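# Observations on the model geometry
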Amino acid sequence: MNVILLECSANYGSEFLFMNVSRSFKTKIHVKEKVYEKYKRIEELNHYVTDNANETRIHACIERKFVDLNCRKVYSKNVLRIVPSVQWWKGKDTSIVVARNDKRFNTINVCYSNHSSYNELKDFITYFNANNVIPCVNSDNQKDLLSEILKELKKQTPEVEMCSIKLPRFKNVKLDCNNKEYCDDENSDS
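Residues numbered from 1 in each chain as written. Predicted model: local features only at pLDDT ≥ 70, side-chain atom pairs only at ≥ 80, totals over all residues. Heavy atoms only, no water.

### Describing the pairing of strand β1 (residues 3-6)
Direction of pairing for β1 relative to strand β5 (residues 79-85): parallel, over a ladder of four bridges. Note on β5: the bridge partner recorded for Leu5 is Arg81. The pairing of β1 with strand β4 (residues 58-60) spans two bridges and is parallel. Within β4, the position partnered with Leu5 by the bridge is His59. (Pairing = 2+ DSSP bridges. Helix = DSSP H or I, 4+ residues; strand = E, 2+ residues; numbered from the N terminus.)

See the structure below:
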């Protein structure tokens, strides 16, 4: 039996993809047990996912460290891997958004992103006149870039009040923050 394996880069964040694939193919997506435990409680999602590996031929259930589909017996030659990601496409022609990966057996890369662009985020914040902007990027090498982006956003939306915030691995990133629970003392240097 042939199956499709969606190789998603994170445990969460692919809900829109799962819902649309499930609707298109009229079948549920088999997800990891820990993911299913959360999704089954969400009315909008629970119709599109399953914890029963034999109920569907579309899977998004592997851990990143594993390369094989372990939830059911399927020969690797019968598994078509689809990798929805933008990273593989860096420096490639994006007028073509689906391509066979010649370096990985039975793998197709699809140019797909779950993340909003800077302009989409800016428009969203402006439209909703957001009072709190809290980044969820958690990388030391991106904190300066994030700080610059938020400074630029502040210039474009001067009505947004700014303060400092501490997040894991971030120090004093400038953000809009009316909720003082998240804010540092303005005089803090740490």
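Anyway, onward from the coordinates.
### Description of a nonpolar patch on the surface
A cluster of nonpolar side chains, namely Phe124, Tyr127 and Phe128, defines an oily patch on the protein surface of about 420 Å² accessible area. Here Tyr127 is to be found in helix α3 (residues 118-127). (Patch = residues over 30% accessible without salt bridge, like charges linked within 9 Å, V, L, I, M, F, W, Y side chains within 5 Å. Areas by Shrake-Rupley, 256 points an atom, 1.4 Å probe, with all protein chains shown as cover. Salt bridge = Lys/Arg side-chain N within 4 Å of Asp/Glu carboxyl O.)

### Structural notes on the side chain of Ser14
Examined against the element boundaries, Ser14 turns out to sit in the loop between β1 and α1 (15-25). Classification of Ser14 as buried rests on a relative accessible area of 6%. Ignoring any residue separated from it by four or fewer positions in sequence, one finds Ser14 in contact with Cys8 and Asn114. (Buried < 20%, exposed > 50% of the residue type's maximum accessible area, 1.4 Å probe, protein only. Contact = heavy atoms within 4.5 Å.)

### Structural notes on unusual backbone geometry
Positive phi outside glycine occurs at Lys26, with the angle close to 55°. Note that Lys26 resides in the loop between α1 and β2 (29-31). Looking at Lys26, the relative accessible area reads 75%, which means it is exposed.

### Points about the environment of Phe18
Mapped onto the elements, Phe18 comes out in helix α1. A relative accessible area of 4% means that Phe18 is categorised as buried. Separated by 27 residues in sequence, Phe18 and Leu45 place their C-alpha atoms 8.6 Å apart. Those residues in contact with Phe18 that lie beyond four places of it in its chain are Leu6, Cys8, Ile29, Val31, Tyr39, Tyr48, Val49 and Ala60.

From the geometry alone we can't say anything about function, so treat these as descriptive.
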